[in-house]
Amino acid sequence: MHLQPKDLRVHIIRAATLAGEGHIASAFSILDILWVLYGQVLRHDPARPDDESRDRFVLSKGHASLGLYAILGAHGYFPLDELTSFASNASRLGGHPDSLKVPGVEASTGSLGHGMPMAVGRALALKAKKSDSHVYCLIGDGECNEGTIWESALLAAHHQLSRLTCIVDFNHSGDRALGLGDLEAKFRSFGWNVLVVDGHDHIQLKSALLIPSDKNPTVLIANTIKGKGCKEMEGNPAWHHKAPTKEELDSILEQVT
């Protein structure tokens, strides 16, 4: 894929501006992770999105759908220009991803905490089939307040789902509501392999994502910045669910890096 994260940020901002809504900052938080995952790690084929030999990716924090749509469009699952239809009545690209409508979307998500158990179920089924496919699931740090995350973590460790990787988008957006404490220690106590990386460093991400597991599931705690790549949005709670007006668009685009 020749498009860089900066190019995709521009597409995301323009799509959200046209729609008048969207979780841009959350999409930017995970964009580098998805760029590395789909470009250098995940086994997938846009021409055969349902091929059984593919790896699976579940975006549990479904409100960050614009990030996933940008990556899927750039890889040819649908025309990237279709992003301009985001959240319109006739569009298949809704505010949360729909697996029945969008090629490449493995699970319909949106209610936080639901994607992780879906990913565990997929990993368990693939293990039963003796498949070598890997399942990746991306969750948010705020989502880690959901009980289903930890129920799923217990189940995955008990069944030794070594082909399951959970990626935590640790952008600290939930700190004001409820601190997570030592997230590394928590996952280790649940029987997981734990890796910590800079969630915007492509080399660190690729290296960590390609480390083979022995018998336990792996969690990759990716330290990220919400709104990464746009100075006005970085770490600014006001941009959690906000789109630029047409008058603000040029100024926002000038800040994209």
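Note that the structure is a prediction, hence the values are computed from the model and not measured.

**Observations concerning the packing of helix 4 (residues 115-128) against helix 5 (residues 147-158)**
Here helix 4 crosses helix 5 at 15°, and the two axes come no closer than 8 Å. The angle between helix 4 and helix 5 places the two elements in the roughly parallel class. Of the two possible hands of crossing, helix 4 and helix 5 adopt the one that is left-handed. Contacts between helix 4 and helix 5 involve M116, P117 and V120 from the former and T148, I149, S152, L155 and A156 from the latter.

**Regarding the environment of I167**
One can find I167 in strand 3 (residues 164-170). Note: C-alpha distance between I167 and C137 (30 residues apart in sequence) is 6.0 Å. Excluding residues that lie within four positions of it along the chain, I167 makes contacts with I33, C137, L138, I139, L209, L220 and A222.

**Points about the pattern of salt bridges**
As enumerated under the stated definition, the model contains 10 salt bridges in all. Between R48 and D45 there is a salt bridge whose closest N-O contact spans 3.3 Å. Owing to a relative accessible area of 47%, R48 belongs among the partly exposed residues under this scheme. Residues joined by salt bridges that share partners form a network here, namely R43, D55 and D132.

**Observations concerning the side chain of T218**
Tracing the chain through its elements places T218 in strand 5 (residues 218-223). A relative accessible area of 9% means that T218 is categorised as buried. Setting aside residues no more than four positions away along its own chain, T218 makes contact with L164, T165, C166, W192, N193, L195 and S213.

**Things to note about the pairing of strand 5**
Counting buried residues along strand 5, 5 of its 6 residues qualify, which places the element largely inside the surrounding structure. Bridge analysis of strand 3 against strand 5 gives 6 bridges, and the strand direction is parallel. Looking across to strand 5, one finds that D169 is bridged to A222. Here strand 4 (residues 193-198) runs beside strand 5; their pairing, made up of 6 bridges, is parallel.

**Digging into the pairing of strand 1 (residues 56-59)**
The alternating pattern of strand 1 places R56 and V58 and F57 and L59 on opposite faces, both of which are buried. Pairing between strand 1 and strand 2 (residues 135-140): 4 bridges, direction parallel. In the strand pairing of strand 2, L59 is matched with L138.

**Quick notes on the packing of aromatic side chains**
Counted by the stated rule, this structure contains 5 aromatic pairs. Their ring planes at 45° and their centres at 4.7 Å tell us that W150 and F187 sit as a pair that is tilted. You can see W150 sitting in helix 5 and its partner F187 sitting in helix 6 (residues 183-189), a full 37 residues away along the chain. Here the two residues W150 and F187 agree in accessibility, since each one is buried. Relative to W192, the ring of F187 lies with its centre 5.6 Å away and its plane at 65°, an arrangement referred to as edge-to-face.

**Regarding the environment of I252**
With respect to the secondary-structure elements, I252 resides in helix 8 (residues 249-254). Since its relative accessible area comes to 1%, I252 is described here as buried. Look past the residues within four positions of I252 in its chain and what remains in contact with it is I13, C230, E232, M233, W239 and P244.

**Comments concerning unusual backbone geometry**
The backbone phi angle of K130 is positive, close to 60°, even though this residue is not glycine. Its place among the elements puts K130 in the loop between helix 4 and strand 2. Positive phi values are uncommon outside glycine, yet H172 reaches one of about 65°. Mapping H172 onto the fold places it in the loop between strand 3 and helix 6. Residue class for H172 comes out partly exposed when judged on its relative accessible area of 38%.

**Describing the environment of D7**
Within the element layout of this structure, D7 appears in helix 1 (residues 5-19). It is 35 Å that separates the C-alpha atoms of D7 and T148, two residues lying 141 residues apart in sequence.

**Side note on the packing of helix 2 (residues 24-41) against helix 7 (residues 202-209)**
Two numbers describe how helix 2 lies on helix 7: the axes approach to 10 Å, and their chain directions differ by 55°. The angle between the axes of helix 2 and helix 7 places the two elements in the oblique class. Crossing handedness for the pair helix 2 and helix 7: right-handed. Counting all contacts with helix 2, which are made through D32, I33, W35, V36, L37, Q40 and V41, the residues of helix 7 involved are H202, L205, K206 and L209. Class assignment for the residues of the contact of helix 2 with helix 7 results in 7 nonpolar, 2 polar and 2 charged.

Analysis parameters
- Numbering of residues begins from 1 in every chain and follows the order in which that chain's sequence is written.
- Where local features are concerned, this predicted model is filtered to residues with pLDDT of at least 70; where side-chain atom pairs are given and counted, the filter is 80 or more; whole-chain, interface and lining totals use all residues.
- Side-chain numbers come from the whole structure's heavy atoms, not from hydrogens or water.
- To obtain each axis, a line is fitted to C-alpha atoms, and for helices this fit is confined to the stretch in contact; angles are then taken between N-to-C directions over 0 to 180 degrees.
- Helix and strand assignments come from DSSP, with helices taken as H or I runs of at least 4 residues and strands as E runs of at least 2, each series counted from the N terminus.
- Note that the term roughly parallel is reserved for angles under 35 degrees, roughly antiparallel for angles over 145, roughly perpendicular for angles of 65 to 115, and oblique for everything else.
- Handedness of a crossing follows from how the near helix is turned relative to the far one, being left-handed for an anticlockwise turn of less than a right angle and right-handed for a clockwise one.
- Contacts were defined at the residue level, with two residues in contact if any of their heavy atoms lie within 4.5 Å.
- One side-chain nitrogen of Lys or Arg within 4 Å of one carboxyl oxygen of Asp or Glu is enough to make a salt bridge.
- Here's how the labels work: a residue is buried when its accessible area is under 20% of the maximum for its type, exposed when over 50%, partly exposed in between, all with a 1.4 Å probe on protein chains only.
- Whether two strands pair comes down to DSSP finding at least two bridges between them.
- Only the six-membered ring of Trp is used, alongside the rings of Phe and Tyr, when aromatic pairs are assigned; centres must lie within 6.5 Å, and planes under 30 degrees apart are stacked while those over 60 apart are edge-to-face, with the rest tilted.
- Classes in brief: Ala, Val, Leu, Ile, Met, Phe, Trp, Tyr, Cys and Pro nonpolar; Asp, Glu, Lys and Arg charged; the others, Gly included, polar.

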